[in-house]
Amino acid sequence: MKEAAFRKNQNTRRHFFLRGVVQGVGFRPFVYGLALRHDLKGWVNNSSAGVHIEVEGEKKEVESFTRDLPKQAPPRARIESFWYEDLAPTGFPSFEIRESVEEAGKYQLISPDLATCELCQEEIFNPQDPRYRYLFTNCTNCGPRFTIIKDIPYDRSQTTMAKFSMCPDCRHEYEDPRNRRFHAQPNACPRCGPKIELGDGEGHILQVPDPITSAISLLKEGKILALKGLGGFLLAADARTPSVIERLRQRKGRPAKPFAVMLGDLTSIKEHCRVGEEEERLLLSPESPIVLLRWKKDSTIARDVAPRQKYLGVMLPYSPLHHLLLKESGMTLVMTSGNLSEEPIAKDNEEACSRLHGIADAFLWHDRDIYVPYDDSVTAVVSGQPTIIRRARGYAPFPLCLPFPLKPILACGAELKNTFCLTRDQYAFVSQHIGDLETLETLTHFQRTVELYQKLFRIQPEIVAYDLHPEYLSTKYGRKRPEQKVGVQHHFAHLASCLAENGERGPVIGLALDGLGYGTDGHFWGGEFLVGDYGSFERKAHLEYVPMPGGAAAIHNPWRMALSYVYTLLGKERLTGLRPPLGGQVEEEKIRVVRQQIDQKINSPLTSSCGRLFDCISALLGLCLSVSYEGQAAVELEMIADPGEEGRYEFFLQEEEGQEIIRLQPLIEGVLKDIEKGTAHSLISGKFHNTLVQISVAICRKISSQGGPKKVALTGGVFQNRFLSERVKAALEKAGFEVLVHRLVPCNDGGLSLGQAAIANFVQQ
Ligand SMILES: [Zn+2]
Ligand SMILES: [Zn+2]
């Protein structure tokens, strides 16, 4: 008796509680295997809060289990917190995986969808394997997650896989802790899982022996195919045939905005693009994003895929369907969201059939539902660092972890490239890219996704934050909600977003260059030097105000901005004497109307926007008089900039009511003179970019010499311009500043919600 008690006391029982991405990533099988290796008894289960584990056995083994648990965790797991306590031993008979439990109000982190892993790829290409050419092959290391989850805990019954019941073989894999598919919730095989069908342009099912082979034939004939992927329908088409690309552009209503392409493997990508080490790492990562790569001049991909671009958006196959299509066709495919320009991506079969009618010639679809739409993410390597430009598949809904606790907040984001952000504990759940909140369809998608995140992460917001722009649909939505309200100035939110993702508290100089954001004075800001932290900001300097004749018309027609700058800063004579290229292209009548709008202040709001200044220069050079997508004029100006040019234009500063106003008259005059002299446009663009670098350094120096911070946050959509952002960063660092940039959330309005949330968190109640 005594001896038995003694032996039992030698045993240790330890209870662990882990949080982070620990579900849907093969964590429980890993724990099971680890426990067996250490000869421990006990159990593991998922709860809506995280993973609980109890092990019991020899003290030495329990200790080494405790050490190995975080160290050897599966590659896709992310342990955010690790807690344990010792309990009295109870004598467990074995180690088991217990049923998942729901803990009231508790939540867990959810893994994003992940690209097909190598082992699954081997299976789908192995003719001897039961999953040979099976399009829904996945395992605990790869496949759909977030797009199929309706609620937590993450179990098959709470996913869109619930309607498929596993065959005995799949069930066996699912229940075998040593199997790669142990508790892989979307596990399926050709016998029991989802099936694929090919439909014609009307959505009528075509009776073909092999939908993939038929789909490939259609693609080779130059047809446009709608593919149901992980997060929605993508349109696929032959990227090497200009007439196909032209047809796709016409049908989609997207005349110029670049498309992304998918290639079968890294070797083929390298035929068309230059791939650096970091870029290669991004391409091959489980997130498998689109990466903007330098496009080789001798590439055989049709130039019209990305007209007038130096960079091409490229991705590797990330689902079994892509792998098969690319490998068996040997093609290079354009892959673009299945939607009309700027609408949300279509996700349901019926919806796709009606919305893509007339765009797609055929539909390759299946019967696994997508619960939430999810676009491809876009990344680039900037100043040697991976940087997210559009954050969706592979990244969301994984949160950012901030260095301070957050109240329950909903930040509604901006209008264009909208994301929202929900917070609790240390976490900022920045949503996937929602889109441009300009249509009812996008607004509905926004509202549905807010509700989903609130449910999945058990967040009941107490504060709602939104932009000051009264016409943003996100602002109107926020104002209607019942919670306490906080309006946040646009560029202040940009500054805070950059601080938050860098885990900093400020104060910092926020160099916010973007298109337009509603200012506290009712004008449209966008060329701003702010000093602030999460609590408050001061506007220290800005580009001088000029009118935007016609309001929205000026945004869509950069030639209007060119006329406005010339007329406002240089006068009537300079306007009527305008030389080509712009001078020849805008009729006298239009010039007269614009002048009238400016003189009589008719629909001509004032702006200090840096984006509009880019528009002006782009139009003066005749590059882009009207835009068909946001930022087009600026992008095209960036693309021609000569990196060897070292000259710049003049500007001067004028103090007004404690703010530095950046006067641009010498800059505009300089550009006009260069045009008159016949200077190459690439040199003019280079000089213009250098001028902005010079302005940035001069003002930051001035602010810090007056006791301001020596730290600068570069933020706002203009910093998507790599030519500019790399040069501004380098120049500021050379001048002794510490420079913060965006990496994890976009520098454009896609990152705004994070900043709004961080600011709302510090508002005094
Ligand atoms: Zn896999
Ligand atoms: Zn099966």
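Everything numeric here is computed off the predicted structure, so don't read it as measured data.

Colleague: Which residues make up the sheet that holds strand β2 (residues 41-46), and what values do they have?
Modeller: Sheet architecture is open: five strands sit in the order β4-β1-β3-β2-β5, paired in mixed fashion. Either end of the sheet is taken by a strand with one partner, and the two such strands are β4 (78-87) and β5 (95-97). Direction aside, the axes of adjacent strands within the sheet are offset by 15° on average. Where β2 lies against β5, three bridges are found, and the strand directions are parallel. Of the residues in β5, the one forming a bridge with Val44 is Ile97. Against the sheet, helix α2 (residues 27-37) touches β1 (11-21), β2, β3 (51-58), β4 and β5, its axis set at about 175° to β5.

Colleague: Can you explain helix α16 (residues 558-570)? Please cite residues and give values.
Modeller: The end-to-end C-alpha distance of α16, which contains 13 residues, comes to 18 Å, matching closely the 18 Å that a straight helix rising 1.5 Å per residue would cover. Across the 13 residues of α16, twelve count as buried, placing the element largely inside the fold. What α16 keeps buried is the set Pro558, Trp559, Arg560, Met561, Ala562, Leu563, Ser564, Tyr565, Val566, Tyr567, Leu569 and Leu570. Just beyond α16, the residue with positive phi is Gly571, at close to 100°.

Colleague: How would you summarise a positive patch on the surface if you had to cite specific residues and measurements?
Modeller: Taken together, the side chains of Arg274, Arg294, Lys297 and Arg303 present a region of like positive charge at the surface. Take Lys297: it is sitting in the loop between β11 (290-295) and β12 (311-315). Owing to a relative accessible area of 80%, Lys297 belongs among the exposed residues under this scheme.

Colleague: Run through the packing of helix α23 (residues 681-705) against helix α24 (residues 722-734), naming residues and quoting values.
Modeller: One can describe the packing of α23 onto α24 by two numbers: an axis separation of 9 Å at closest approach and a directional angle of 35°. α24 is crossed by α23, and the crossing has right-handed handedness. Between α23 and α24, the contacting residues are His689, Asn690, Leu692, Val693, Ser696, Val697 and Cys700 on the first element and Phe723, Leu724, Arg727, Val728, Ala731 and Leu732 on the second. Per-class residue counts for the contact of α23 with α24 are nine nonpolar, three polar and one charged.

Colleague: Please set out the coordination of the zinc ion (ligand 1) residue by residue, giving values where relevant.
Modeller: For a metal with four tetrahedral donors the ideal donor-metal-donor angle is 109.5 degrees, whereas six octahedral donors ideally subtend 90 or 180 degrees. At this site the zinc ion (ligand 1) is bound by Cys117 (SG), Cys120 (SG), Cys139 (SG) and Cys142 (SG), with donor distances of 2.3 to 2.4 Å. Taken together, the four donor atoms coordinating the zinc ion (ligand 1) span angles of 104 to 117° at the metal, a pattern that classifies the geometry as tetrahedral. Expressed as a motif, the donor residue spacing for the zinc ion (ligand 1) is C-x2-C-x18-C-x2-C. Assessed through its relative accessible area of 15%, Cys117 is described here as buried.

Colleague: Talk me through helix α5 (residues 168-175); I want residue IDs and the actual numbers.
Modeller: When we look at burial in α5, the residues that qualify are Cys170, Glu173 and Tyr174. Along α5, the residues classed as buried sweep out an arc of 100° about the axis, all on the same side. The outward face of α5, more than 90 degrees from its buried face, is lined by the exposed residues Pro168 and His172.

Colleague: Can you tell me about the packing of helix α20 (residues 610-620) against α23, naming the residues and giving the values?
Modeller: At a minimum axis separation of 11 Å, α20 and α23 run at an interaxial angle of 155°. Judged by the inter-axis angle, α20 sits roughly antiparallel to α23. The crossing of α20 and α23 is right-handed. Residues Cys610, Leu613, Phe614 and Ile617 of α20 touch α23, and the partners they reach there are Phe688, His689 and Leu692. Tallied by class, the residues present in the contact of α20 with α23 amount to six nonpolar, one polar and no charged.

The rules we used
- Residues numbered from 1 in each chain as written.
- Chains lettered and ligands numbered in written order.
- Predicted model: local features only at pLDDT ≥ 70, side-chain atom pairs only at ≥ 80, totals over all residues.
- Heavy atoms only, no water.
- Pairing = 2+ DSSP bridges.
- Helix = DSSP H or I, 4+ residues; strand = E, 2+ residues; numbered from the N terminus.
- Axes fitted to C-alpha atoms, helices over the stretch in contact; angles between N-to-C directions.
- Contact = heavy atoms within 4.5 Å.
- Expected span 1.5 Å × (residues − 1).
- Buried < 20%, exposed > 50% of the residue type's maximum accessible area, 1.4 Å probe, protein only.
- Patch = residues over 30% accessible without salt bridge, like charges linked within 9 Å, V, L, I, M, F, W, Y side chains within 5 Å.
- Areas by Shrake-Rupley, 256 points an atom, 1.4 Å probe, with all protein chains shown as cover.
- Salt bridge = Lys/Arg side-chain N within 4 Å of Asp/Glu carboxyl O.
- Lys, Arg positive; Asp, Glu negative; His and termini not counted.
- Charge placed at Lys NZ, Arg CZ, Asp CG, Glu CD.
- Left-handed = near helix turned anticlockwise from the far one by under 90°.
- Nonpolar A, V, L, I, M, F, W, Y, C, P; charged D, E, K, R; others polar.
- Donors = N, O, S within 2.8 Å, 3.2 Å for Na, K, Ca; no water.
- Tetrahedral: all angles 85-135°; square planar, octahedral: opposite > 155°, others 65-115°.
- Arc of directions from axis to C-beta.
- Parallel < 35°, antiparallel > 145°, perpendicular 65-115°, else oblique.

In short, shape yes, function no, at least from these values alone.
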